[in-house]
Structures are given as C-alpha cells and as structure tokens.
Amino acid sequence: MSSVKSSNLGYPRIGEKREWKKALEQFWAGKLEKGIFLQEIEALRLAHLKKQRDAGIELIPVGDFSLYDHVLDTAVMFGLVPKRFEYNGGPVSLETYFDIARGTKGAVASTMTKWFNTNYHYIVPELEECTPALVENRPLQFYKEAKEKLNIEGKPVILGPVTFVKLSKGYKESEFKEVVEQFVPLYATILAELQAEGVEWVQIDEPILSTTLSKEDLALYTEVYQTLKEAAPNVKVILQTYFDSVDHYKEVVSLPVEGIGLDFVHDRGENLTALNKYGFPTDKVLAAGVIDGRNIWRENLDEQLLTLSEIEEAVSKDRLILQPSSSLLHVPVTVKNEETIDPVLKNALSFADEKLKEITLLTKAVQQGKESIEEINVSKQAIQALNGSSFRNHQDVQKELKQLHSYKAVRQVPFDVRQRVQQEAFQLPLLPTTTIGSFPQTKEVRKERLKWRKGELSDEAYEAYINEEIKKWIEIQEDIDLDVLVHGEFERTDMVEYFGEKLGGFQFTKFGWVQSYGSRCVKPPLIYGDVSYEQAMTIKETVYAQSLTNKPVKGMLTGPITILNWSFVRDDIPRYDVANQIALALRKEVEALESQGISMIQVDEPALREGLPLKRENWDSYLNAAVYAFKLATVSVQNETQIHTHMCYSEFEEIIDAIKALDADVISIETSKSHGELIYAFEKYTYNQGIGLGVYDIHSPRVPKLEELQRNIDRALQVLDPALFWINPDCGLKTRGISETVEALKVMVESAKQTRQNLLQNV
C-alpha cells in the first residue's frame, strides 16, 4: 500500500426510499415472484456498491448486504438450522432462511436480541444439536458478483468465529473454546477459497474484542487467527473492532493478522491513548475509524485531522486506512432528499452517503494537505452555526437543568404501602391481564394518517377517525375480558417519533430510515436542540378511552432513556443532560395525565438495557443516570397512581439492582421469544414488586396454543409471587394483524382465567 487508503465497513441495506423493505414484504405476502424478488434485491445490492465506488471509497465491503440479518446469514452459511424447521442439509433455502427469522405455524422463530448497544436486532444462532458445516461460501459469492458485474475488487466482510459463537446459544460456558474450534476449519476453508480467487483484503469483524474479555479469550484469539493465517497466508486480514476501545491493546495489535481496525470515535479516547503509549506494529496496517458510523452529525474535519496527526506519529501513511468507526448500517442513507429541514440544521447533518464523502475528503487531506481541501472550513462553519443557534440555547430549559436538585426523585412511600392503596382503588383480580400498549396499525390507519399529514383530511375528521378506532378497540378489549385496557396508540407512527413531534428540540426526517430488525425500519428523531415541553401529548386520546369504560385505561408514554437511545442525539453537550431534559418534559405530561383522572401510567423503557456500555466497569454510571432520569419523570405522582414500565430483551440478572431502583409499581419484561430462559433469573434473584413476563411472542404471526401459554405461566409462577404477577404479551401489537391479535389475546385471557381458578382452588 503506497499511501493512505479510504475504506468502508458496511453500507445500509434498505435503499434511499426503503426499496429493500418493500421488496421483502411483497415477497412474503406472495405478491412478488421469487425470481423477480431476487433480481430486484441484486440490483439494489449492486447499486450500493457502485455508489461507494463513485464516492471514492477504495476498499469497498462486499457481503455486508443481507436479506434479513448478517448473523443469521453466518449461521445458515454453516448449515445451522434448528431441528424444528426440518432442514435436510445443503445450502439453506430462502424459505427456510425466513422461517428461522419469522417462525411458522408449527415452529417458533429463533430468538432475536440487540446487536451490542445499538437498536439493531440480530437472530441468535442456535448451536444445540447442530453440527456446523460450510454449505456455501457467501463471502466468495458476493466477491465474485461485485467483480464480474461491476469490476469492483471488493473487500469481503465476515463475522468472526469468536464473536459468532459468543453471540450464539446452545452450549455450556465451559464448552466455549471447544465450540469455537469446531468453526475454525470452516473459516479456514472460506479464506482459502477467497485466496484462490485472488482476494487481497478481507474484513473479519470481531466486535467482542471491544467488550470485557478474559485472558483465556485473548489466548483463544491468538490460536484462531494463527490457524487462519496458515490456511490463507496471502489474504490480508483486517481484524475489525468497533463500538468501544479494546482493553488489551498490546495483545490485540499483536494478533497474527495484517491489519487492525480500531474505533477512534466511541472509544472515549482510550484507543488513541494506547496507541500513543505503546505504538503500533510496523508490519501491520491500522484501519482507523475516525468518522462516526452511529450518529448523523457532520464531522468537524479540522478536529479529525488533528486526531489523525496524532495517529500518524505512530503509524506511517502507507500503513493507514481511513474509515467510519463502524458499519453505516446504523445511519440513514442520504441527506439529499431532506428538502424541508431548516438549512442551519441540514448543513450540519451527515448520513451514510455524506460520511463516505467525509472519508474521501479526509483521505485527500492526509495525502495532499488540508489547505487543498476547501470543504474542511465548510464543515467547521456548519457546526458552529448550529451550536450558536437559538435551537441549542433555550433559556428556560437550561435554567431547569441548573435547578435539578430541587426536583424530588423518590416516591412518597415504599412499594408495599402503595400496593395496598392501589389494590383497594383498582380491585383487580389475581393475575390481572393487560397488553403492552399498541394495537394493529392497519393499512387503513396508516392511510388516514397520511391523508391528514398531506392536508387531505381535516384535524376534526382525523380526530374522529382515531376516536372510532379507540372506541372499537375498547369494545374488543372488553369483549376479550382484559382487566386493564389501553387506547391502542392509533395516532402514533412510532413510540419515539410521536413524542418527539410534540416536544421542542426534535427534528424529523422524511427518509431518515434505519433497519431495526428484519424489514422493520424506524426513523429515529434528531435531538438537535434543547428539549422542552410544548403541549399536552397524550391527554386527549387517553381521557377519551377512559370515558368509554369502567375498567382502568393506562396512559402510555415512552421513557427518557428509550427516547434518548432511539434517537440521534446532539453531541455538543453531555448525553445525560439530554436525558434529564427529556425527563423533565415527561414529568409534566405524567402530572397532566394524573390530573385528568388517569391513575395507571406506563412509562416504557424498552431500550434501557441496550444502552449499557460494552464494558462492565462503565455500567454503573449509565444505570445510575438511567434510573435517575426515569424517576425524575415518574415519582411526583400520588400513592394511588400506579406506574408501569416495559423493557425488551433484558437479561434480568445483569441489571436487577437498577430495575429495582426504578421503583415502578409494575414492570413487564420480554421473555417469550427467549423461550422462557429469562425465568431462570428469578430462581437466583428475588423481585418483590409487580411484574409481567410476556407469555407469547408478538414478533411472529402465529396464534399461540393454550397449552403453550399455560406452560409459560406455570413456569413463571414457580419463582414469582402470584399476588404480584401480571399476564401480558411480550411487546406491543402494532405490527400484527387484527384477527391474529384478537385470537392470541383470547387465548391469553383464557389461560389466565384457568390459572387463576386453579390457584384459588388450591388456597
């Protein structure tokens, strides 16, 4: 390598206007023939490669594209198909691939969980009763496609063996090394075949290296990569880390590979400190992640060049690659289509395509000197204009933050006292049933909302339509005989977007979509200014729903940490200051709901755990801030008001102290999609406040059987107090169809009634 090169780690799959999502969903619905579907997907994949080439990226990733999830892609490459899907060997069919992810009538989908501390979800590979075998070399296929159709010498991207096994389940912890060793020959074959095809660079992602590792793990890395180097000595492997610093810097940079990829954005300066202290091997290339791959703000290129000047003291230009800090999977595709955003804000934004340009600009500046690159001053001026704007200087909000000490952050009395007061007020039966909040958002609902947003439907007509939906679903819930009802959230596009549209300091994009899981895309709001409470956000719909029934209706809010974690957050002030701004605004809404007679209020924090830092030594500061923000938003209510919250994918035992510290009257936690594994946590830890464990999986269209739910409930009641146990689905029902939702809830209520009757008979 003669001089510094530009590279990318991964590109968004979804397309500028979600063409990928539309093709997938048409195929699943039977509206797109398989051959046509694959043609459309291939055209999109090639267009993405061409776009990166046209942007000037030299090392272009291939194999990062996926039809659902890259971890699932890795699993099926090795023939890892759970037995319930009746796989008979050989390349995994497209139908079986989607069955693993989505489930079938007779087989539950594989577990889905968060990809490290992002809002992307991956399918957890199941290794029990499976013998891995290389059934197709996917990296080689994508490399050949790029070369043959676009003459692009791509850089195959592979999820590394240690990370892959760490993210999988179905083996004992003591078996970890043995399981990894089963995969090493398969990876060796992949690399050998790539070498035979003439591949120069291969990116092997090992983000587990950015977590807390044992000495045994580090020793295993040395063994694994020495074996892989011997299998394909002519392939240049970049061992890629991201999302944080590497703790064992000296050991990691000494691993037997040709390149090391480090994150210099989300490392809190630790990678740079280690580089300055210990230097860098002269026989390796450093792939420096200097452009933020997870946020949407334009880089101050002048500052990044200062960082690069420090890096160049340890690494010569001919051994330097410039790239984003992580895959661009986590940001929208392009700013160019956002025509309605205030120019001061728009000029300070950078999505995937703009980040590619920033990479090439930095590369040129390092090669030729920054004086030759006019855009460097342009980037600095754009950022200064936003920081100096009124958006980021809201005097009332800044005054409230300075007076945080005056806000109470504890409930008036302990939970056991509140529980007695609330039970007397609500008179709920044993094992009360409820849902998490949302009901199906049908095509008709989305159509009416779109008409309203376009001005084709008046405010009055739209409100009347929403009220009709609320009334219909209150009646459905009463017919099903749920104990605690919800209004259904038909007015909400997204649980974060809805609140951001009503709070000051938020901006929404038209095409700023990112993939969450499968074809599910979300459009995170941009928190670009001080967050302020501008108006009531949920009062009208909730109060109307409560007027239709004598049963309690929960007010539904999204919590401060989830709003924070599911947004693109301004980076000019501390992140927790933004969380507290959101909490203070939500506190006003909680108090407004209570003043209108709503005495059950659910403040959801499904993203609480996903925000955990990758290293355990940094957990306490995050969890303390998260608990404080939640309590800041919720504790000012009276004892009779019951505070609920909901969390997703929580490994309960890891954060039990923080969950207890939230002091919510009722929490609900997703457990059904992990097939009840979470329940084991309660055999070790006691939780003595109200709790609902999701008894069926809403991510699959199948209607659960009564005996399935009965088993889930009975299993939970072996370790949880029936007097504190609630029965609910594992998440909101927004993405489900009407008939399957109603039928599933009927089964859930029937299972609750049967269990309730059995418990009362045995008293």
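Structure shown above.
On a predicted model such as this, the values are computed, not experimentally measured, just so you know.

Engineer: Sorry, what's going on with the sheet that holds strand β6 (residues 201-205) here?
Structural biologist: Pairing between the strands of a sheet is mediated by backbone hydrogen bonds and can be parallel or antiparallel. Here eight strands make up an open sheet; going across it, the order is β1-β10-β9-β8-β7-β6-β5-β2 and the pairing parallel. Two strands close off the open sheet at either side, each with one partner strand: β1 (5-6) and β2 (61-62). Pairing between strand β7 (residues 236-240) and strand β8 (residues 259-263): three bridges, direction parallel. By the bridge assignment for β8, I238 is matched with G259. Lying over the sheet, helix α7 (residues 176-196) contacts β5 (155-159) and β6, oriented at roughly 175° with respect to β5. Of the strands in this sheet, β9 (285-291) and β10 (320-324) are in contact with helix α11 (residues 301-312), which crosses β9 at around 160°.

Engineer: What is the right way to read the sheet that holds strand β15 (residues 555-558) from this model?
Structural biologist: Across the sheet, which stays open at both edges, the six strands sit in the order β15-β17-β18-β19-β20-β21 with parallel pairing between neighbours. Of all strands in the sheet, those bounded by a partner on one side alone are β15 and β21 (725-726). In this sheet, strand β20 (residues 690-693) lies alongside strand β19 (residues 666-669) in parallel orientation, the contact comprising four bridges. Paired with S668 across the strands is G692, a residue of β20.

Engineer: Would you take a moment to explain the packing of aromatic side chains for this structure?
Structural biologist: Aromatic ring pairs are described here by two measures, namely the spacing of the ring centres and the angle between the planes. What the rule picks out here adds up to 21 aromatic pairs. Three or more aromatic residues joined by ring pairs make a cluster, and in this case those are F27, W28, F37, Y68, Y97 and F98. The ring centre of W28 lies 3.9 Å from the NZ or CZ of R102, which sits over that ring. Here the guanidinium or amino end of R294 rests over the ring plane of F243, the centre of that ring lying 4.8 Å away.

Engineer: Would you mind going over helix α8 (residues 215-231) with me for this structure?
Structural biologist: Given 3.6 residues per turn, any residue in an α-helix points the same way as the ones three and four places further on. For α8, which comprises 17 residues, the first-to-last C-alpha distance of 25 Å matches the rise-based estimate of 24 Å (1.5 Å per residue) to within 8%. For α8, the complete set of buried residues consists of D217, L218, L220, Y221, V224, Y225 and L228. Here the buried residues of α8 occupy an arc of 155° about the axis, which is enough to place them on one side. Set apart from the buried face of α8 by more than 90 degrees, the exposed residues are K215, E216 and E230. Of the surrounding secondary structure, the elements contacted by the buried residues of α8 are α6 (161-166), α7, β6, β7 and α9 (249-253).

Engineer: So what exactly am I meant to see when it comes to the nonpolar core here?
Structural biologist: Grouped burial of nonpolar side chains is what soluble globular proteins tend to show. Counting 141 residues, the largest nonpolar core has F37, W115, F164, F183, L286 and I311 as its most contacted members. The dominant element in this core, judged by the number of residues it contributes, is α7, at eleven residues. Each residue touching F164, except ones within four places of it in the same chain, is listed here: V71, T74, A75, F78, L80, P125, L159, F183 and Y187. Membership of the second largest hydrophobic core comes to 96 residues, among which are L503, V590, I598 and V603.

Engineer: How do you make sense of a positive patch on the surface when you look at a structure like this?
Structural biologist: A cluster of basic side chains, namely K17, K22, K454 and K510, defines a positive patch on the protein surface. Along the chain, K17 falls in the loop between β1 and α1 (19-28).

Engineer: So what exactly am I meant to see when it comes to the packing of α1 against helix α2 (residues 34-54) here?
Structural biologist: When two helices pack together, their arrangement is given by the angle between the helix axes and by the axis-to-axis distance. Relative to each other, α1 and α2 sit at 170°, their axes nearing to 10 Å. Here α1 lies roughly antiparallel to α2, going by the angle between them. Across the interface between the two elements, E19, W20, A23, L24 and F27 from α1 touch K34, F37, E40, I41 and L44 from α2. Partitioned by chemical class, the residues of the contact of α1 with α2 number seven nonpolar, no polar and three charged.

Engineer: Teacher, can you tell me more about the packing of helix α10 (residues 270-278) against α11 here?
Structural biologist: At a minimum axis separation of 9 Å, α10 and α11 run at an interaxial angle of 30°. As summarised for this structure, α10 and α11 are arranged roughly parallel, according to the angle between their axes. For the pair α10 and α11, the contacting residues are L272, L275 and N276 in the first and T307, E310 and I311 in the second. Among the residues making up the contact of α10 with α11, the classes are represented as three nonpolar, two polar and one charged.

Engineer: Is there a simple way to think about α2 in this case?
Structural biologist: Taking 1.5 Å per residue, 21 residues should reach 30 Å; α2 reaches 30 Å between its end C-alpha atoms and fits that length. In this structure, the buried side of α2 is in contact with α1, β2, α4 (94-102), α5 (138-150) and α13 (352-368). Its side-chain oxygen at 3.0 Å from the backbone nitrogen of G35, E33 defines the N-terminal cap of α2. In the stretch just after α2, G56 is the one whose phi turns positive, near 100°.

Engineer: Could you clarify how one ought to interpret the side chain of R587 in this entry?
Structural biologist: Within the element layout of this structure, R587 appears in helix α22 (residues 575-595). Apart from the residues within four sequence positions on either side, R587 is in contact with Y407, K408, K631, L632, A633, V635 and S636.

Engineer: Hey, could you run me through the pairing of strand β17 (residues 600-604) in this one?
Structural biologist: Moving residue by residue along a regular strand, the side chains alternate between the two faces of the sheet. Counting buried positions along β17 gives five out of five residues, so the element sits mostly inside the fold. Neither face of β17 is left uncovered, since the one carrying M600, Q602 and D604 and the one carrying I601 and V603 both have all their residues buried. Sheet analysis places β15 next to β17, joined by four bridges and oriented parallel. In the strand pairing of β17, L557 is matched with V603. Relative to strand β18 (residues 642-647), β17 is paired through three bridges, and the arrangement is parallel. Considered in β18, the bridge of M600 is made with Q642. Following the backbone out of β17, through helix α23 (residues 619-634) and into the adjacent parallel β18, one traces a crossover that is right-handed.

Engineer: Is there a simple way to think about the environment of E743 in this case?
Structural biologist: Along the chain, E743 falls in helix α27 (residues 738-761). Residue class for E743 comes out partly exposed when judged on its relative accessible area of 38%. Separated by 263 residues in the primary sequence, E743 and I480 place their C-alpha atoms 9.1 Å from one another.

Engineer: Explanation requested: the pattern of salt bridges in the structure shown.
Structural biologist: Two side chains of opposite charge can pair, provided their charged atoms sit close to one another. Going through the model one piece at a time under the given rule, you end up with 50 salt bridges. Note that E153 is salt-bridged to K147, the shortest N-O span being 3.7 Å. Take E153: its relative accessible area is 36%, and that puts it in the partly exposed class. A salt bridge links D572 to R570, with the nearest nitrogen and oxygen atoms 2.8 Å apart. Given a relative accessible area of 33%, D572 falls into the partly exposed group. One salt-bridge network, in which partners are shared between bridges, spans D244, D247, R268, E270 and K615.

The rules behind these values
Residues numbered from 1 in each chain as written. Predicted model: local features only at pLDDT ≥ 70, side-chain atom pairs only at ≥ 80, totals over all residues. Heavy atoms only, no water. Pairing = 2+ DSSP bridges. Helix = DSSP H or I, 4+ residues; strand = E, 2+ residues; numbered from the N terminus. Contact = heavy atoms within 4.5 Å. Axes fitted to C-alpha atoms, helices over the stretch in contact; angles between N-to-C directions. Phe/Tyr/Trp six-rings, centres within 6.5 Å; stacked < 30°, edge-to-face > 60°. Lys NZ or Arg CZ within 6 Å of the ring centre and 35° of its normal. Expected span 1.5 Å × (residues − 1). Buried < 20%, exposed > 50% of the residue type's maximum accessible area, 1.4 Å probe, protein only. Arc of directions from axis to C-beta. Core = buried A, V, L, I, M, F, W, Y, C linked by side-chain atoms within 4.5 Å. Patch = residues over 30% accessible without salt bridge, like charges linked within 9 Å, V, L, I, M, F, W, Y side chains within 5 Å. Areas by Shrake-Rupley, 256 points an atom, 1.4 Å probe, with all protein chains shown as cover. Salt bridge = Lys/Arg side-chain N within 4 Å of Asp/Glu carboxyl O. Lys, Arg positive; Asp, Glu negative; His and termini not counted. Charge placed at Lys NZ, Arg CZ, Asp CG, Glu CD. Parallel < 35°, antiparallel > 145°, perpendicular 65-115°, else oblique. Nonpolar A, V, L, I, M, F, W, Y, C, P; charged D, E, K, R; others polar. Polar contact = N/O pair within 3.5 Å; in protein donor to acceptor, adjacent residues only side chain to side chain. Right-handed = clockwise from strand over helix to strand, strands pointing away.

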